[in-house]
Amino acid sequence: MAHVDIKDLSKHFGTLTVFDGVDLHVDDNEFVSILGPSGCGKTTLLRIVAGIVEATAGAVLVDGETIHKPRPDMTLVFQNFRLLPWRTVEDNVAYGLRLQGNSKAAARELAQPYVQLVGLEGREKEYPYQLSGGMQQRVGLARALAIQPEILLMDEPFGALDAQTRELMQDELLKIWSADRKTVLFVTHSIDEAIVLSDRVVMMQSNPGRIVDVIRVPFDRPRDATAIRTDPRFATLRAEMWALLRQDPLAGDSAPGRTGD
Amino acid sequence: MTDRELSARAVVGLRVGFALVVLGAWYLVALTMGDLFLAPPHAVLASLGRSVESGEFLKYLGPTAYILAIGAGLGVVTGVPAGLLIGRIRWLYFLTEAPINIFYTTPLVALIPFILVIVGFNYQSKILIVFLFTVLPVVINTSSGVRTVDADLVELSRSFCATEWTVWRDVIVPGSLPAIVTGLRLGLIHALVGAVLADFYAGASGFGYLIILYSNRFDIAGALGPVLVLAATGTAIAALLKSAQRRLSPWQGAP
Ligand SMILES: Nc1ncnc2c1ncn2[C@@H]1O[C@H](COP(=O)(O)OP(=O)(O)O)[C@@H](O)[C@H]1O
Ligand SMILES: [Mg+2]
């Protein structure tokens, strides 16, 4: 149980305004997606929420406490995996657990269910260079889930997966989340993914990055991803979001679609 | 790519073949030009054997091994930590960048006479010379290794609330390990050069002095013996560190 308040947040890099005046409340155990074209500042926003980058103005509060540095109960799944090349699959998954003070053996044992969860049993002793991009992404996901955070920040966590694995992982994430609800802030390129997973979808546009709309997704929980994709309301939502994204002159080159990127 | 496709046997064959060609060329030059110009390999080995038997070899090896052990040891023990700190602490890097580069690009040989005048013709100055030859490549490689450690991984570690010490242990040291080993390899090989030069200039003892003694007698076979031993030592150090690196960094895959 934890909620996030983003208050009038702005970020500049020199003369570049990444985004301005972002306000967002994410409720306890709510699943919120952020959908927007590349460059609108989604990654930067998540890094500020995670406490690894300073905002230029405004604040992020978790349960009313202002974020200045990373919190042990909040974790970020990075867009570019960031596995330690010198650690095996199991030790990468166990990394957060190790930093919480578990012994090597205890951390490995606690990590094992998460290795299985992402379908990497049997590859525990391999090094990241021996894995495909999709497998590396799954290791990053397992590493974040393994510490059982209250708040999960995810930056296009399925971006490196092929369409099929991507849908399987979405189903898996829905299951994990239903069994053990967490507060999730999920960045994606893909409209479909945002609809299937979220309670609400935050629509962003770029130059400068800003929130243009927040759309509630009406489907009941627990969800069945396949049923949702064939629901007529799905097509309507999809068209509505697509129209919003298309107003952004830069959205054309990133063309969010069914499988995204 | 083609390097990787060479089998281990082909590599050994290639190396042995090349060694035979060099040996053959050596014989050819030695036998056509006469042994005042270049002694043939068997004469060098025979002379080396006599030198070992008479105890002369060990007598001259001892002092050089001594200055090497202390000078290079100090160079490594201070150079690695210094390089780590310089690589990680920004103001320290900017403070030391210019002096280190000036020092590194100055041929150290040119400083040897000054060191001898200031410190004296003794073991201390020889150790100092070896130390200087070792420490610079170690510091430079280590600090550049630290500076090129993936900042994303440092951030990852931080995002799991790692302390600075944990970031060092988990990211910075393992990430710069290959560069550190390269620094050690260069440093130790420079140490050999430094030791021989120290013997040349400060004289009266050591391997370098033995080479000079034989050269002054125009005994080319005798002078080449210690040179061969030095070459073999350098090669052994390089090979040893290469295999250590492979064992220490299994994550890099096949070399
Ligand atoms: N560290 C940085 N320094 C300067 N510019 C940055 C930095 N990080 C991101 N940017 C810029 O901020 C903008 C938003 O980047 P990002 O947050 O990665 O967008 P998104 O994740 O939506 O694609 C881009 O124009 C990017 O070039
Ligand atoms: Mg991004």
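Asks: A description of the interface of chain A and chain B should follow, citing residues and the corresponding values.
Replies: Each partner contributes residues to the interface: chain A has 22 residues there, and chain B has 20 residues. Contact between chain A and chain B buries roughly 1900 Å² in total, counting both sides, with carbon and sulfur atoms accounting for 66%. Inspection of the region where chain A meets chain B yields 4 salt bridges. Here Arg-47 of chain A makes a salt bridge to Glu-155 of chain B, at a shortest N to O gap of 2.4 Å. Counting across the chain A and chain B interface gives 8 residue pairs in polar contact (both at pLDDT 80 or more). Looking at the side of chain A that touches chain B, the elements that each hand over two or more residues are β6 (74–77) and α3 (95–99) of chain A. With 3 residues, the top contributor of residues to the side of chain A that touches chain B is α3 of chain A. Residues that form the side of chain A that touches chain B fall into these classes: 14 nonpolar, 3 polar and 5 charged.

Asks: Describe the coordination of the magnesium ion (ligand 2), with residues and values.
Replies: Octahedral metals with six donors have ideal donor angles of 90 or 180 degrees. Tetrahedral metals with four donors have an ideal donor angle of 109.5 degrees. Residue and element names in this part refer to chain A. Here the magnesium ion (ligand 2) is held by the protein donor atoms Thr-43 (OG1) and Gln-79 (OE1), which lie 2.0 to 2.5 Å from it. On the criterion of sequence distance, the pair formed by Thr-43 in helix α1 (residues 42–50) and Gln-79 in the loop between β6 and α2 (89–93) is long-range, its members being 36 residues apart. Judged by relative accessible area, Gln-79 falls into the partly exposed class, the value being 36%.

Asks: Would you mind going over the pairing of strand β8 (residues 183–188) of chain A in detail, with residue names and values included?
Replies: Along any regular strand, the residues point their side chains to alternate faces of the sheet. Residues and elements named next belong to chain A. Here β8 lies mainly inside the structure; 6 of its 6 residues are buried. Of the two faces of β8, both are covered, the one formed by Thr-183, Leu-185 and Val-187 as well as the one formed by Val-184, Phe-186 and Thr-188. Bridge count between strand β3 (residues 31–35) and β8: 5 bridges; the pairing is parallel. In the strand pairing of β8, Ser-33 is matched with Phe-186. Note: strand β7 (residues 151–155) against β8, 5 bridges, orientation parallel. Bridge assignment links Asp-155 to a residue of β8, and that residue is Val-187. With respect to chirality, the unit in which β7 leads through helix α6 (residues 163–179) into the neighbouring parallel β8 is right-handed.

The rules behind these values
- Residues numbered from 1 in each chain as written.
- Chains lettered and ligands numbered in written order.
- Predicted model: local features only at pLDDT ≥ 70, side-chain atom pairs only at ≥ 80, totals over all residues.
- Heavy atoms only, no water.
- Contact = heavy atoms within 4.5 Å.
- Buried area = accessible area lost by both parts, 1.4 Å probe.
- Salt bridge = Lys/Arg side-chain N within 4 Å of Asp/Glu carboxyl O.
- Polar contact = N/O pair within 3.5 Å; in protein donor to acceptor, adjacent residues only side chain to side chain.
- Helix = DSSP H or I, 4+ residues; strand = E, 2+ residues; numbered from the N terminus.
- Nonpolar A, V, L, I, M, F, W, Y, C, P; charged D, E, K, R; others polar.
- Donors = N, O, S within 2.8 Å, 3.2 Å for Na, K, Ca; no water.
- Buried < 20%, exposed > 50% of the residue type's maximum accessible area, 1.4 Å probe, protein only.
- Pairing = 2+ DSSP bridges.
- Right-handed = clockwise from strand over helix to strand, strands pointing away.

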